[in-house]
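# Survey of secondary and tertiary structure
Here are the chains, one letter per residue:
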Amino acid sequence: MSEHEADLQARSPWALHDVKTATIEPPDGPIEADVLIPGSKSFTNRALIVAALAQGTSRLSGLLRSDDAYWCIEALRALGLSVDVDGEFVTIQGVDGIWPNTQGRVYTGAGGTTARFLTSALAAGAGDWFVEGSKRMNERPMGVLLTALQALGADITPQSERPDTLPIRLKTTGLHGGRVQMSGAVSSQFISGVLIAAPYAKAPVAIEIVDHIVQRAYVHITLDMMREFGAVIEADESLSAMRVAATGYKGREYEIEADASTACYFWAAAALTGGRVRVQNLSYQTRQPDVRFVDVLARMGCVVDKDGHGIEVRGPKQLQGGFTVSMKEMSDQTLTLAFLAPFADAPIDIIEVEHIRHHESDRLAAICETLRKMGIRVEERADGVTVYPGQPQGVRLSSYDDHRVAMAQAIMGLRVANLSIDDPGCVSKTCPMFFDKLREIGVNAHLV
Ligand SMILES: O=C(O)C1=C[C@@H](OP(=O)(O)O)[C@@H](O)[C@H](O)C1
Ligand SMILES: C=C(OP(=O)(O)O)C(=O)O
C-alpha cells in the first residue's frame, strides 16, 4: 500500500463513509463556543479489554463509538464474548481470563491499543489464534511486546517476513509470570499491554524498564484502571519497575472520560481564530497527557482557564513562537502544534518525537510534506521538526489515512481559504463525528 492509499477495510460501520473531500471555510470572525467531547479512545479500549478479562459483568458508560472501539468489540465477540452495545453504554460478560473461542482469526483494525492490549490479553488465556491488523497496523512495531510475551511463556510465530509485526500466530496455555525487561522507547503501549494481561498470569509479573517510556502517562492510565478493576500493583511514580499480582480483575460499573486528544483540535480552533472554546467535560486533573497541550497554547499567547467548569482556551490576536518544545509526553498533538506553528510570529522547534514515525502514518514526514505543499518552510530531523512562520496556501491535501493528520489539517483550514482534505473519513479511527462537532462550534465544513 502506498502511504497515501487508505485501507478502507479498517473503516467500521461506525465510520464516516462515502466522503471523498472535506473543505473548510475560514470563518468570518473568532470561533466562540462551548463543546462536549466524545469518550476517550484510550479509556474505551482499556475498559473493554479489562472488562472482558474480568470475572463477572461490567457496565461501561461514555463509550467512544469509533473504528478503534468497534474493532475491539468485534474482536471480543469473535472470541465468544457477549458484548452488548446500547448507544454509549456497553455491557460485557467477563470470562475471568478464559477465552470461550480458543481458535480463529482476531482482527484488530488500525488501533494500536487493540493490537497491543488484546494480543497480550489473549496470551494470558489459552488458545491458538491468527492475529492481524489493518495494513498500517501490520507494519507498526510489536517486537518489544512479542518478545516480552514469549519470555513470559507465549508461543508466537510471525506470519510475514517481519519478525516484529503482526500478523502472528499466537499459541498459548497462559503466561507463567516472572521478571521481564522491556524498552518503552518506541511505544508505551507495549508496557500497558503486558500490564493489562499480568493479573491473569500464573504467578506475579515484574516488569523492569531498561530505558525510558514515551508517553508515560498512558501507563499510569493503565495502572489506575487496573486497580479500579481490582488488580494489585506495586509501582512508583517513575515507572522504572512494576509488579502485578496474579489476582485477576473484578467486573464493575465504569464511566469512560472524554477524550483529551480530541479536545485539543477544538482548543486549537480558539487559538487560531482569536476566539474562545470551552470544553465542558474535561478536567485538567485527568491523567490523559494531551490535556497539557493547553500549556503549549498558553506559551503561544493563549489565555487558559483550567479552574472553572471544564477547560477554556482564548486565542490571542497573534500567536507567539520562538521556542523549543518536547512533545514526547503528548506526542499525539505534534501535528496540531506543527499546523498552528506557521501562524506564530517566530519559528517553533518540536523535539523528541521520533516514535511518531511509527504511528498511523510517519507523522513527521506527513507534517513536512503537508506544510511544504502549502509553501511553508519546515526543517525535518530524525526526532522532530522546525516550522517557520508564513501564510499557508490553500491546496488539496492528503490525509495519509491518519485521523490526526486530517483533524489537524482541518483546523488549519480556519485560516486558509480553499484548503481541501482527501479522504476525511479517516477521522473515524477516533472521532467519526469530528466534522459534525466542527459545525457545532460554527465552522462551515463541506463534505462531498
Ligand atoms: O495507551 C494509549 O492509549 C496510547 C498510547 C500512546 O501511544 P504510544 O505510546 O505508542 O506512542 C498514544 O500515542 C496513543 O494514541 C494512545
Ligand atoms: C497513535 C495513535 O493511536 P494508536 O497508537 O492507539 O493506534 C493516535 O491515536 O494518535
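About the cut-offs
As a convention, each chain's residues are numbered from 1 in the sequence order in which they are written. Written order determines the labels here, with chains lettered from A and ligands numbered from 1. In keeping with the predicted nature of the model, local features appear solely for residues at pLDDT of at least 70, side-chain atom pairs appear and are counted solely at 80 or more, and the whole-chain, interface and lining totals rest on all residues. Side-chain metrics in this entry use all non-hydrogen atoms of the structure; hydrogen atoms and water are not considered. UniProt positions are given in the numbering used here, feature names are shortened, and annotations may be inferred rather than shown by experiment. Partly exposed residues are those whose accessible area sits between 20% and 50% of the maximum for their type, while under 20% is buried and over 50% is exposed, using a 1.4 Å probe and protein chains only. Helix numbering and strand numbering both begin at the N terminus, where a helix is a DSSP run of H or I of at least 4 residues and a strand a DSSP run of E of at least 2. Pairing of N or O atoms within 3.5 Å defines a polar contact, subject to two protein rules: one partner must be a possible hydrogen donor and the other a possible acceptor, and residues neighboring in sequence count only if both atoms are side-chain atoms. Contact definition: two residues touch when any of their heavy atoms are within 4.5 Å. Residue types Ala, Val, Leu, Ile, Met, Phe, Trp, Tyr and Cys, when buried and joined through side-chain atoms within 4.5 Å, form a set referred to as a nonpolar core. As defined here, a cavity is a set of points on a 1 Å grid over the protein atoms alone where a 1.4 Å probe fits but cannot get out. A pocket is an open set with protein on both sides within 12 Å along at least five of seven lines, and residues line them when an atom is within 4 Å of a point.

With an unreviewed UniProt entry as reference, the chain is termed 3-phosphoshikimate 1-carboxyvinyltransferase, source organism Alicyclobacillus fodiniaquatilis. What the UniProt record of the chain gives under Subcellular location (unreviewed entry) is the line "Cytoplasm". Recorded under Catalytic activity (unreviewed entry), the UniProt text for the chain is reproduced unchanged: "3-phosphoshikimate + phosphoenolpyruvate = 5-O-(1-carboxyvinyl)-3-phosphoshikimate + phosphate".

## Quick word on helix α11 (residues 403-412)
Most of α11 is tucked away, with 10 of its 10 residues classed as buried. Within the span of α11, buried status applies to His-403, Arg-404, Val-405, Ala-406, Met-407, Ala-408, Gln-409, Ala-410, Ile-411 and Met-412. Residue Asp-402 occupies the N-cap position of α11, its side-chain oxygen lying 3.0 Å from the main-chain nitrogen of Arg-404.

## Let's talk about helix α10 (residues 363-373)
For α10, a buried count of eight out of 11 residues is recorded, marking the element as mostly surrounded by other parts of the structure. Within the span of α10, buried status applies to Arg-363, Leu-364, Ala-365, Ala-366, Ile-367, Cys-368, Thr-370 and Leu-371. Tucked inside the fold, the buried residues of α10 contact α9 (334-340), β20 (378-381), β21 (384-387), β22 (396-397) and α11. Between the side-chain oxygen of the N-cap and the backbone nitrogen of Leu-364 there are 3.2 Å, and the N-cap of α10 in question is Asp-362. Of the residues one or two after α10, Gly-375 is the one with positive phi, at around 85°.

## Focus on the nonpolar core
Core analysis: the biggest nonpolar cluster contains 82 residues, and Trp-99, Leu-118 and Tyr-249 have the highest contact counts within it. Other than its neighbours up to four places away in sequence, Trp-99 contacts Ala-52, Leu-53, Leu-76, Leu-79, Leu-81, Leu-118, Ala-121, Leu-122, Gly-125, Ala-126 and Trp-129. Val-277, Met-300, Ala-408 and Phe-434 belong to the second-largest nonpolar core, a separate cluster that totals 80 residues.

## Notes on the UniProt feature "binding site: 3-phosphoshikimate" (unreviewed entry) in the chain
The sites that UniProt annotates as "binding site: 3-phosphoshikimate" (unreviewed entry) are Lys-41, Ser-42, Arg-46, Ser-187, Ser-188, Gln-189, Asp-332 and His-359. Here the residues from the annotation list that line the largest cavity are Lys-41, Ser-42, Arg-46, Ser-187, Ser-188, Gln-189, Asp-332 and His-359. By secondary structure assignment, the location of Lys-41 is in helix α1 (residues 41-53). Lys-41 has contacts with Leu-64, Asp-68, Thr-113, Asp-259, Arg-404 and Thr-430, leaving out every residue within four places of it along the chain. Along the polypeptide, Ser-42 turns up in helix α1. Its relative accessible area of 7% is what places Ser-42 among the buried residues.

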